[in-house]
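Architecture at a glance
Next come the chains, spelled out residue by residue.
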Amino acid sequence: MKLIIAEKPSVAQTIAAALGVKEKKDGYIEGGGCLISWCVGHLVQLAEAAAYGEQYKKWSFESLPILPEEWQYAVDPDKGKQFKTLKELMHRADVSEVVNACDAGREGELIFRFVYEAAGCKKPMRRLWISSMEDGAIKAGFASLKDGQEYDALFASALCRAKADWLIGINATRLFSCLYGKTLNVGRVQTPTLKMLVDRDAAITGFQKETYYHVRLTLPGAEAASAKICAADEASRLKAACEASAAVCTSLTREKKTAAPPKLFDLTSLQREANRIYGYTAKQTLDLAQTLYEKKLLTYPRTDSNFLTDDMGDTAKSIVTLLCGKLPFMEGVSFTPELAKVLNSKKVSDHHAIIPTSEFVKQGFTGLAESECKLMNLVCSKLLCAIAAPHEYETVTAVFSCAGNEFTAKGKTVLVPGWKEIDQRFRSTLKADTEEEVLNTLPELAEGQSFSVTANVSEHFTSPPKAYTEDTLLLAMERAGAEDMPEEAERKGLGTPATRAAILEKLVQIGFVQRKGKQLIPTKDGINLAVVLPESLTSPVLTAEWENRLTEIAKGNADPDDFMAEIEAQVRQLVKTYSCISADKQNLFQPERVIIGKCPRCGENVYEGKKNFYCGNRGCQFVMWKNDRFFEQRKKAFTPKIAAALLKNGKAKVKGLYSEKTGKTYDATVLLADTGGKYVNYRVERKE
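The model shown is predicted, which means the values in this text are computed figures rather than measured ones. (Residues numbered from 1 in each chain as written. Predicted model: local features only at pLDDT ≥ 70, side-chain atom pairs only at ≥ 80, totals over all residues. Heavy atoms only, no water.)

Observations concerning the side chain of R549
As a reminder of what qualifies: In this text, helices come from DSSP runs of H or I with a minimum length of four residues, and strands from runs of E with a minimum of two, each type numbered from the N-terminal end. Contacts are residue-level and defined by heavy atoms, with any inter-residue pair within 4.5 Å sufficient.
Its place among the elements puts R549 in helix 18 (residues 540-554). Setting aside residues no more than four positions away along its own chain, R549 makes contact with A558, D562, F563 and E566.

Here's what the structure looks like:
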């Protein structure tokens, strides 16, 4: 009997359907010599710090660093029942081997191995490695199962990633939270990502706008512009001189150029384009792509490859032939697919690029949600563009001399629309704003031609850097540290295509980053955190180097123990270096105190606290409690507005006070009756 373990129930059901396994049991499906069960995402994880000793239950500087000698694992408390099912199935006498059918990537390997090890399973292990959930791909995958041990290096890299994230996350988070008196989440990848946002924000805030000018000559059928001119009076003088002179064409350059078709989508480029065109967040795109993958309509989304393998030519050809009939914007377009451009096994790592499946070509858009249709359209148009002819055009650059200065006019003519015709047809179906290319055709010109001209001065301003959007931040994460790494480094950048979306979501969720439309802006706490942390935690270059090392471990080219020893050394050094902070930094993350009014006893400011309104003078005892019995009896919240009125006028008009005698509500003026004692009193003003 073969036990097959998938990552999710939906995937297990798809595999069962493909293999004809139908008998549903509690937590698994049985039939045809197979048991098919599932994890529920990360079923088993590295244990929390408290599992390593009582002293780690409370956060304290004295208990750091936390460096487990023997790593412990914990079953997610909400998923205990499914783990028990899997453990029992693994130990069933009739089960002879276990098949890892979790997602074919680093995290899928980790999810399965943690369960396999936590269950104490010793049975032979095999690996299903597929890029599509279609029946044919599943059957082919089972016909060529790999020995599980072939993926030991991949698991080693996944384990190093998990342990490194644990060590940095737990130690750095506790260290800086204890130092600053506020929970400050620090992460191996999220903190350098935050630093990039903070650096960009600082560049925008510190930007000094500068004015510059162009003198523009109006010629018959064309306009030529000068280089940048810094001073307004200089631009005015040149304008006057030009109007008194003739412009002579001194050079004419024609160049034929080619724009190669775009590459197929990997996950990051799909997320970037979906953000640019539809405004989807990286997480929304990943979730949609995952759903479409599980519906068998899209190939495996968590990929960093832009190519298909050499043996996929026939499959791709049949998909493309049928695809044109499914897409309204392709009506009337005749093009010859050049599939060789997208086939290159050497450039495919774990999974090939994202393309629609044969199943999608059969089913089409029927029954899909609008957001799913949009994403499928995006993937389909990219596939067609990638295999279309290059876009060919001619540029013309004309240089004119006038009043001793050079002026340039540029023109562009399309020779062969190629892939851009498909791209423009697709974009014309979008409701979203997309920029259309404006073509500028110059008239027939010849060197030595002379023209009388009119001139004008246009004023311009230098622009600050743009705030990051998810599109531009994903690109920056992908490229982080790339210039500091050797060319042959396979994985550069922060995180992986599969993890970047979750990192952005976490930064927003923990309050270090906020979304403003499409823009990602660091909050005050986010800025402060990036400023106080050491470079070893904020440097994109260092973290990108780690990611490359993890890839090398996965390929069997680097030692996991060496990597972990470096991480532990970094943690030790961190705790040693940051044992205390200066007094002026201790209040850096304290919330700004809100002034409610002036204290009636000493005249100092009264501030709002969590439970009260208190005088800022420590020697003064004045305090108004939010849960004061006077307001609680009358079923009225003691709001900052009421407190402010009481402090300013000694009284406040309050609506909806409850009367215990009548059971009804009434409006009245509440008086502040402070006698200077420990508690402040209040009373309802009596009407004479």
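Some points on the sheet that holds strand 3 (residues 28-31)
Short version of the rule: In short, DSSP must find at least two bridges between two strands for them to pair. For helices, the axis comes from a line fit to the C-alpha atoms of the stretch in contact; other axes are also lines fit to C-alpha atoms, and the angle between any two N-to-C directions lies between 0 and 180 degrees.
Taken together, the 7 strands give an open sheet; going across it, the order is 2-3-4-1-7-8-9, and neighbouring strands pair in mixed fashion. Across the chains shown, the open sheet's two edge strands, defined by having one partner strand only, are strand 2 (23-24) and strand 9 (146-147). Bridge count for strand 7 (residues 97-101) against strand 8 (residues 125-127) is 3 bridges, and the pairing is parallel. When the sheet's bridge partners are listed, V98 is paired in strand 8 with M125. Here helix 1 (residues 9-19) sits on the sheet and contacts strand 1 (2-6), strand 3, strand 4 (34-38) and strand 7; the angle it forms with strand 4, its principal contact strand, is near 160°. The sheet strands contacting helix 2 (residues 80-90) are strand 1, strand 3 and strand 4, and the helix crosses strand 4 at an angle near 155°.

As for the side chain of D525
Test applied: Relative accessibility decides the category of a residue: with a 1.4 Å probe and only protein chains considered, values under 20% of the type maximum give buried, values over 50% give exposed, and everything between is partly exposed.
Assignment of secondary structure puts D525 in helix 16 (residues 524-532). The class of D525 is buried, set by a relative accessible area of 19%. Sequence-distant contacts of D525, that is, excluding residues within four places in its chain, are made with K182, F512 and F589.

A short note on the sheet that holds strand 25 (residues 681-684)
If you trace the 3 strands from one edge of the open sheet to the other, you get 23-24-25, paired in antiparallel fashion. Whereas interior strands pair on both sides, the edge strands pair on one side only; in this sheet they are strand 23 (651-658) and strand 25. Geometrically, the sheet is characterised by an average inter-axis angle of 40° between neighbouring strands, direction not taken into account. Relative to strand 25, strand 24 (residues 665-673) is paired through 4 bridges, and the arrangement is antiparallel. The partner of L672 across the bridge, within strand 25, is Y682. Along the sheet face, helix 21 (residues 640-649) touches strand 23, strand 24 and strand 25 and points at about 145° away from the line of strand 23.

Some words on the pattern of salt bridges
The following threshold applies: When a carboxyl oxygen of Asp or Glu is within 4 Å of a side-chain nitrogen of Lys or Arg, the pair counts as a salt bridge.
Going through the model one piece at a time under the given rule, you end up with 43 salt bridges. A salt bridge links D76 to K79, with the shortest nitrogen-to-oxygen separation between them at 3.8 Å. With relative accessibility at 18%, the residue D76 sits in the buried group.

Regarding the packing of helix 9 (residues 282-294) against helix 15 (residues 500-509)
Note the following rule: Each angle gets one of four labels, with under 35 degrees taken as roughly parallel, over 145 as roughly antiparallel, 65 to 115 as roughly perpendicular, and the rest as oblique. Take the far helix as the reference: if the near one is turned anticlockwise from it by less than a right angle, the crossing is left-handed, and if turned clockwise, right-handed.
Where helix 9 meets helix 15, the axes come as close as 8 Å, and the angle between the chain directions of the two elements is 140°. When the axis of helix 9 is compared with that of helix 15, the two are oblique. Considering how the two elements wind past one another, helix 9 and helix 15 form a crossing that is left-handed. Of helix 15, the residues touching helix 9 (which contributes A282, K283 and L286) are A501, L504 and E505.

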